[in-house]
Amino acid sequence: MRDAFPPPRTSLTFVARNHGSGVWVLALAAVAPFACGRSSDHRPAPSAGAGSGGVSGSAGSGVGGDGMGAEAGMPSTAGTGKGGTAGVGGTGAAGEGGATESCDGATAPAAPLFRLGRAQYENSVRDVFGDWVVAADALPAETDTALTSGVTQATVAAYHAVAHDLALQATSDEATLELVMGCEPGEAACPDAFIEQAVTRAFRRPATDDELADFVAVFENGARLGGGAVASGVRAVVEVLLQAPEFLYRVEVGEPLDADADPRTVGWARPTPYEMASRLSYLLWDAPPDDELLDAAGSGALREPGTVVEQAARLFDDVRARPVVRRFHLDELLAVDPRVAPDPTVTAEIGALMREETGAFVEEVTFNGGADFRSLFTARYTFRNGPLSAFYGDGVAQGDAWTRVEVNGRRGLLTQGAFLAATAAADTTFPTRRGRVVLERLLCSVVSGGGIEPRLAPDPSRTTREGVSAATEPPNCAGCHSLVNPVGFTFEGFDSAGRVRTTDNGFPVDTSGALTISDQTGPAADAVELQALIGDSEDAKRCYVRHWMTFAYGGSAATDESCSRGALEEAFASGNIRELVLALTRTDRFLYRPAEGQ
Amino acid sequence: MRSVKPFRLSRRAVLRGAGTVAIALPWLEIMGEPRVSRAQGAPARRFVTMYQPGGSVLESWVPLSTEPDFLGSTILSALSAVRDHVLVLHGVDMKSALGEQNQAGMVALLTGTVQGTAGTFAKGPSLDQVLAKIAESPPPIPTLELAVRWGTGKAKGAVSPIDILNFADSPGFAPIAPRLDPVAIWNDLFGEMPQDAGTAWDRSMLDAVVGRYTSLSARLGAADRARLDEHLTHLRALEQELAAVSCVPPELIDTSDYDPAAGLNSADDGSIRDVPTDSAIPKVGRLMTEMLVLALACDRTNVATLQFVDSAAQYTLPWLDLNDTHACYMNDCGYRVAECTTICSWYAGEFAHLVQRMSEIDMGGHSLLDESVVFYGSHLQNVATHMKQSMPFVLAGHGGGLVPGRALTFDHASHNDLLSAIANLFGDARTTFGDAMYASAPLVL
């Protein structure tokens, strides 16, 4: 009597598209919340050396509270209580600086429990159900550190909502049901076969008899609730499986070492081969292990560190590693999201293009450009498509396709919109923020705003630089700002949207500044020269290593694992990114874990 | 075989009460229009209209000057139990109700447009249809129109300006016929909900999930156990929220004594009676009310109208020992104040019941009424003169920051401005509604 109703809608929307070949594609789309405003407890340790200690001291108000709070355009890098961490870092800096730590392996390296990140979750769901499930932004964005430290109510509710809706849609018609089960639903043996295959795939290892029995019970209960229908049983299995801890978390129970293990590692344990397979695949692909890794696990080959590194190399050289490298640089190293940049002309769409530019850039450097750390800051090329080029006003690209280009005046990561727009204010540049972000993210310095990050009201009678200089002149400001401002000023040749500019409020811009708090402290005429200094900085390289450690090992690994860090810094001596990433799989932290129950 | 799955327990209902909401919810982002900022924050989400025939009895509606209580009068005292949830409006005139004396009131009530020529319909959309389009993510049923004992008298069970309140928000503003058959309505709203609808399925699934965390947690080291325990805490909170959400289909009582199509068998003068159907009005009214409320709670819709009869009012009220027609007591037999007061008091009591039910539905930390605006009224005020000044209007609910628990007195305010004020509660920033000649600025509620 009424018109056909629109399909059920939740805030996580499913769209079924028939690709004509009879294969059903379920697209799982939701409105993604902003990536900023979530506190991260990541705080890279201050760089070694007396320098950072000196900063803390002279900043005075610095160390205690660093409540920078959430800024648009950036995932929050601070929160309350960071003062404590900073304080510890500040104290420890000197100690960590020198090579005085003993690596006698008294305690096994930590192994925090990893929860799947958003990209990992999506890849894992696709792995269980097949490529025809397309999941996009189904869950809230989180920092990597959050994945090893806790989980919020909202995220648990989101897991529930996604599992519920996906299970419903996956069993809503015969064709999809058969695709999901992998066999003819009416056949007697099909449900059990489906359960075994689904649980094994979801748990990323062979299922135990108890686990299979558990899920047979889930199936039967679901079928009963659905009036005996097989579809209802499958729906229950899917819904429970996608919320199970063995799916959402990379649970490790570990195994004892061989009797002839290195005496240094007495009392330690190691991941089981399947657990090692997951360590490798989630680090390098944000995804569950592929069949080759699973075979290497099943045969026990992954117990050999040599096999581990071989597989690591295979994974890194595979195209599936590229999104991970992009994600590392954008979300862990720089932690910028231009899609929420303060300048309103940088819309979410433009911000996405900027992310693509930087993503393509770091991918090019890493996989086609020699994988050289220095190149991240000094490479002459970048990437454009027509719309982004039009936005920047540099006319170097047309059409939708992305091309590698060279643009006058721009070189390296920090002359790209993703960094510049995310570290600006709505209507002016924000040099102190840019300076602070460079020092914190790239040099791992602790720079505090004393609890707030005030912004000057725009003043058309002078340049932003002049205004900032005047405002930060007083002695209790200058201690910190004399280190932050020179760095930030080098970017004054770019406006709040990341476009090139030669004037500010009608006055010529002055981009002279300096790199501070580093082994390459020295003057820089502009952002290009600043980045040349960063590219040459050993402190910057060490900081980069710390970021990879956080990314790979979670939480406070960069401060905890001094032995592994030393080995990684050595591997990164030449600045080769590929070497560094592969070296991540050779450390004690990666190869070992505490014995069970610790 | 229906092509669409019924909309089950709402994810929104779960996420809303979860504290930190990470996923964008509909209704919080209005496309294009600037948000009206209300003291209390979020815009209203649900709009309900309840219509009763026969206007009111003004002298029993407005409290005496000696009565301090804003519900003082005979009729409004029926709202005592829900006094904190109702906002009584005095001094609002339906200035756009120009046309046939009854029809114009029906046409204008939700549209604020002039009928003009008798027999014609509205020249604009009704407010409920407009509000239904605000939702960014429309529910399965955009609007729900339910009617009890409909189409009496001259309308003879057909769509007519005598008996239609809702007009489409599309060119032509087509009249929308209400649904009449309680059994068909029940089947449509709730019939295809799987046996495991709502809490039974969710409880069972979450039980299984919780079990996995509990048993795995016990086998892990302290640090990992703490992590899974934290997750478990959130799961348990989720369980509680789901248990609290009240999406359970209402019981389909026996209405076999009620003929929803009784209007087809009408006489212009009400001389054809259907006493069994009339006698069933209270229980069918309650059933319709319950279905409406649960349709909201289960997120089947966000906008609903409950219409009792029509402007012809050719029905009897045996349960009130009134065996002549309502039309007789209003007009046909001369204006009978006592009987009309009794009838209006009864309807006010049904309105109170609707409000009460909405206040009892837990949507996860707040009630259905908290996020709703209910509009109660009739198509005229005075049945003898057909006057449409000082309309018997009551609002209920707390949606959009509406503050009830009082009365407001206006000085010949236009009800067009009431309609726009209601729209503002839903985050729609318009300043006029309906015929511009009778609209100036939204009433301050």
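For clarity, every value in this text was computed on a predicted model and none was experimentally measured. (Residues numbered from 1 in each chain as written. Chains lettered and ligands numbered in written order. Predicted model: local features only at pLDDT ≥ 70, side-chain atom pairs only at ≥ 80, totals over all residues. Heavy atoms only, no water.)

Undergrad: Provide a residue-level description of the sheet that holds strand β14 (residues 593–594) of chain A, including the pertinent values.
TA: All names here are of chain A. Reading across the sheet, the three strands line up as β6-β7-β14 and stay open at both edges, with antiparallel pairing between neighbours. Each of the sheet's edge strands pairs with one partner strand only, and the pair in question is β6 (255–256) and β14. Sheet topology note: the strand β7 (residues 268–270)/β14 ladder contains two bridges and is antiparallel. Bridging from a neighbouring strand, Trp268 pairs with Pro594 of β14. (Pairing = 2+ DSSP bridges. Helix = DSSP H or I, 4+ residues; strand = E, 2+ residues; numbered from the N terminus.)

Undergrad: Can you break down unusual backbone geometry residue by residue, with the values?
TA: Residues and elements named next belong to chain B. The phi angle at Asp321 is positive, at roughly 60°, despite the residue not being glycine. Its place among the elements puts Asp321 in the loop between β5 (316–317) and β6 (322–325). Judged by relative accessible area, Asp321 falls into the exposed class, the value being 67%. Not every positive phi belongs to a glycine, and Ser390 is a case in point at roughly 50°. (Buried < 20%, exposed > 50% of the residue type's maximum accessible area, 1.4 Å probe, protein only.)

Undergrad: Describe in detail the side chain of A:Thr464, supporting the description with residues and values.
TA: Residue and element names in this part refer to chain A. Along the chain, Thr464 turns up in helix α19 (residues 464–471). Since its relative accessible area comes to 13%, Thr464 is described here as buried. Beyond its immediate sequence surroundings of up to four residues, Thr464 is in contact with Thr428, Thr429, Pro431, Glu492 and Asp504. (Contact = heavy atoms within 4.5 Å.)

Undergrad: How would you sum up a negative patch on the surface? Please name residues and give values.
TA: Taken together, the side chains of A:Asp192, A:Glu196, A:Asp209, A:Asp210 and A:Glu220 make up a negatively charged region of the molecular surface. With respect to the secondary-structure elements, A:Glu220 resides in helix α7 (residues 209–225). (Patch = residues over 30% accessible without salt bridge, like charges linked within 9 Å, V, L, I, M, F, W, Y side chains within 5 Å. Areas by Shrake-Rupley, 256 points an atom, 1.4 Å probe, with all protein chains shown as cover. Salt bridge = Lys/Arg side-chain N within 4 Å of Asp/Glu carboxyl O. Lys, Arg positive; Asp, Glu negative; His and termini not counted. Charge placed at Lys NZ, Arg CZ, Asp CG, Glu CD.)

Undergrad: Account for the nonpolar core, naming residues and giving values.
TA: With 94 residues, the main nonpolar core has A:Leu280 and A:Tyr544 as its most contacted residues. Core analysis: the second largest hydrophobic core is formed by 67 residues, B:Leu79, B:Tyr258, B:Leu287 and B:Leu380 among them. (Core = buried A, V, L, I, M, F, W, Y, C linked by side-chain atoms within 4.5 Å.)

Undergrad: Tell me about the state of the cysteines, residues and numbers included.
TA: Residues and elements named next belong to chain A. Scanning the entire structure with this criterion turns up three disulfides over all chains. A sulfur-sulfur distance of 1.9 Å marks the disulfide that ties Cys183 to Cys190. Disulfide Cys183-Cys190: the torsion about the S-S bond is 90°, which places it as right-handed. Paired through a disulfide, Cys444 and Cys543 show a sulfur-sulfur distance of 1.9 Å. In this structure the cystine formed by Cys444 and Cys543 twists about its S-S bond by roughly 80°; its chirality is therefore right-handed. Residue Cys444 is found in the loop between α18 (431–443) and α19, and its partner Cys543 is found in helix α22 (residues 538–553); the two are separated by 99 residues along the sequence. Cys543 matches Cys444 in its accessibility class, with the two residues each being buried. Here Cys480 is not cross-linked by a disulfide; its sulfur's nearest cysteine counterpart is in Cys477, at 9.3 Å. (Disulfide = S-S within 2.5 Å.)

Undergrad: Any chance you could break down the confidence of the model for chain B for me, citing the residues and the numbers?
TA: Scored by pLDDT, chain B comes out at a mean of 87, with 87% of its residues at no less than 70. Low confidence marks residues 1–40 of chain B, where pLDDT is under 50. Its contacts with residues over four positions away, or in another chain, come to 119 contacts. (pLDDT = per-residue confidence, 0-100.)

Undergrad: Which residues make up the pattern of salt bridges, and what values go with them?
TA: All names here are of chain A. Applying the stated criterion across every chain, the model contains 55 salt bridges over all chains. As a salt-bridge pair, Asp318 and Arg320 come within 3.2 Å of each other at their nearest N and O atoms. In this structure Arg320 comes out as partly exposed when scored by relative accessible area, which is 43%. Beyond isolated ion pairs, a larger network of salt bridges with shared partners links Glu255, Asp258, Arg270 and Arg303.

Undergrad: If you had to explain the sheet that holds strand β3 (residues 144–148) of chain B to someone new, which residues and values would you point to?
TA: All names here are of chain B. Pairing is mixed in the open sheet, where seven strands are placed in the order β3-β4-β1-β7-β8-β2-β9. For this open sheet the edge positions go to β3 and β9 (406–414), each flanked by a neighbour on one side alone. Across the sheet, the axes of successive neighbouring strands diverge by a mean angle of 15°, strand direction being ignored. Where strand β7 (residues 372–377) lies against strand β8 (residues 393–396), three bridges are found, and the strand directions are antiparallel. Across the sheet, residue Phe375 finds its bridge partner in β8, namely Leu395. (Axes fitted to C-alpha atoms, helices over the stretch in contact; angles between N-to-C directions.)

Undergrad: Now, about the packing of aromatic side chains: what can you tell me, with residues and values included?
TA: One pass over the full model with this rule turns up 27 aromatic pairs over all chains. Aromatic side chains B:Phe121 and B:Phe167 sit 6.1 Å apart centroid to centroid with 55° between the ring planes, which places their arrangement in the tilted category. Taken as a pair, B:Phe121 in the loop between α2 (103–111) and α3 (127–132) and B:Phe167 in the loop between β3 and α4 (182–191) lie far apart in primary sequence, 46 residues in all. Looking at B:Phe121, the relative accessible area reads 23%, which means it is partly exposed. For B:Phe167, a relative accessible area of 0% translates into the label buried. Seen in terms of ring centroids, B:Phe308 and B:Trp346 are 6.2 Å apart; in terms of plane orientation they differ by 85°. Their pairing is edge-to-face. Linking B:Phe308 in strand β4 (residues 303–308) with B:Trp346 in helix α10 (residues 337–360), this pair joins segments that are 38 residues apart in sequence. Ring pairing ties together the aromatic residues A:Phe328, A:Phe373, A:Phe377, A:Tyr544, A:Trp548, A:Phe551 and A:Phe572, which thus form one cluster. Over the face of the ring belonging to A:Trp285 we find A:Arg320, whose NZ or CZ atom lies 3.9 Å from the ring centre. Against the face of A:Tyr392 rests A:Arg410, its NZ or CZ located 4.4 Å from the ring centre. (Phe/Tyr/Trp six-rings, centres within 6.5 Å; stacked < 30°, edge-to-face > 60°. Lys NZ or Arg CZ within 6 Å of the ring centre and 35° of its normal.)

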